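Residue-level structure breakdown
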Amino acid sequence: QVQLVETGGGLVQAGGSLRLSCAASGRTFSSYAVAWFRQDPGKEREFVASISWNGGSTYYVDSVKGRFTISRDNAKNTVYLQMNSLKPEDTGVYYCAARIIGAIGWGLMDEYDYWGQGTQVTVSS
């Protein structure tokens, strides 16, 4: 069993930056692919970025390419999402998810086995 805890959310002005962290319990976390999703009230949860078990592969939704960077430190059982040049449309609850398979998938929610509780990100204009 893996438990995921997201931190680092908050209120920031447009153009600002935040770094989210996803801390995991469990010795096997380092073998899992991990993704970030986000959800605005009234909207479906959407894929943001994913990273393979060793960090060798990453994948981003087009709207965040060049602004967000996903990374991981397996020694610390933590995955990060560095968010720069934030826009109001980046607002939402950000969720960390992990899948038992180490390779990144296609960005589908069903591919992921474990989920965190989420952290709120609010970008003001």
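For the structure itself, look to the data block above.
Report follows, based on the coordinates.

Scoring rules and cut-offs
- Residues numbered from 1 in each chain as written.
- Predicted model: local features only at pLDDT ≥ 70, side-chain atom pairs only at ≥ 80, totals over all residues.
- Heavy atoms only, no water.
- Salt bridge = Lys/Arg side-chain N within 4 Å of Asp/Glu carboxyl O.
- Helix = DSSP H or I, 4+ residues; strand = E, 2+ residues; numbered from the N terminus.
- Buried < 20%, exposed > 50% of the residue type's maximum accessible area, 1.4 Å probe, protein only.
- Polar contact = N/O pair within 3.5 Å; in protein donor to acceptor, adjacent residues only side chain to side chain.
- Contact = heavy atoms within 4.5 Å.
- Core = buried A, V, L, I, M, F, W, Y, C linked by side-chain atoms within 4.5 Å.
- Pairing = 2+ DSSP bridges.
- Axes fitted to C-alpha atoms, helices over the stretch in contact; angles between N-to-C directions.

1. Structural notes on the pattern of salt bridges
This model, assessed by the stated rule, comprises four salt bridges. Here Arg67 ties to Asp90 by a salt bridge, and the two come within 2.8 Å at their closest N and O atoms. In this pair, Arg67 is assigned in the loop between strand 6 (58–60) and strand 7 (68–73) and Asp90 in the loop between strand 8 (78–83) and strand 9 (92–99), connecting sequence segments 23 residues apart. Per residue, the accessibility class of Arg67 equals that of Asp90, and both read buried.

2. Some thoughts on the side chain of Thr119
One can find Thr119 in strand 11 (residues 119–124). Here Gly9 takes part through its backbone nitrogen, which lies 3.2 Å from a polar atom of the side chain of Thr119. In this structure, Thr119 is in contact with Glu6, Thr7, Gly8, Gly9, Leu20, Gly92, Val93 and Tyr94, ignoring residues within four places of it in sequence.

3. Focus: the nonpolar core
Formed by 28 residues in total, the largest nonpolar core has its most connected members in Leu4, Phe29, Trp36, Leu81, Met83 and Tyr94. Considering each element in turn, this core owes the most residues, four residues, to strand 3 (residues 18–24). Residues within four places of Leu81 in sequence aside, it is in contact with Leu18, Arg19, Leu20, Trp36, Val48, Ala49, Phe68, Thr69, Ile70 and Tyr94. Ranked by size, the runner-up nonpolar core spans five residues in total, among them Ala35, Phe47, Ala97 and Tyr112.

4. Some remarks on the pairing of strand 8
A large share of strand 8 lies buried, amounting to five of its six residues. Of the pairings in the sheet, the one linking strand 3 to strand 8 comprises six bridges and is antiparallel in character. Paired with Leu20 across the strands is Leu81, a residue of strand 8. Bridge count between strand 7 and strand 8: six bridges; the pairing is antiparallel. Of the residues in strand 8, the one forming a bridge with Arg72 is Val79.

5. Remarks on the sheet that holds strand 7
A sheet is described by the order of its strands in space; here four strands give the open sequence 1-3-8-7, paired in antiparallel fashion. Edge strands, defined here as strands with exactly one partner in the open sheet, are strand 1 (4–7) and strand 7. Strand-to-strand twist in this sheet, taken as the mean axis angle between neighbours without regard to direction, amounts to 15°.

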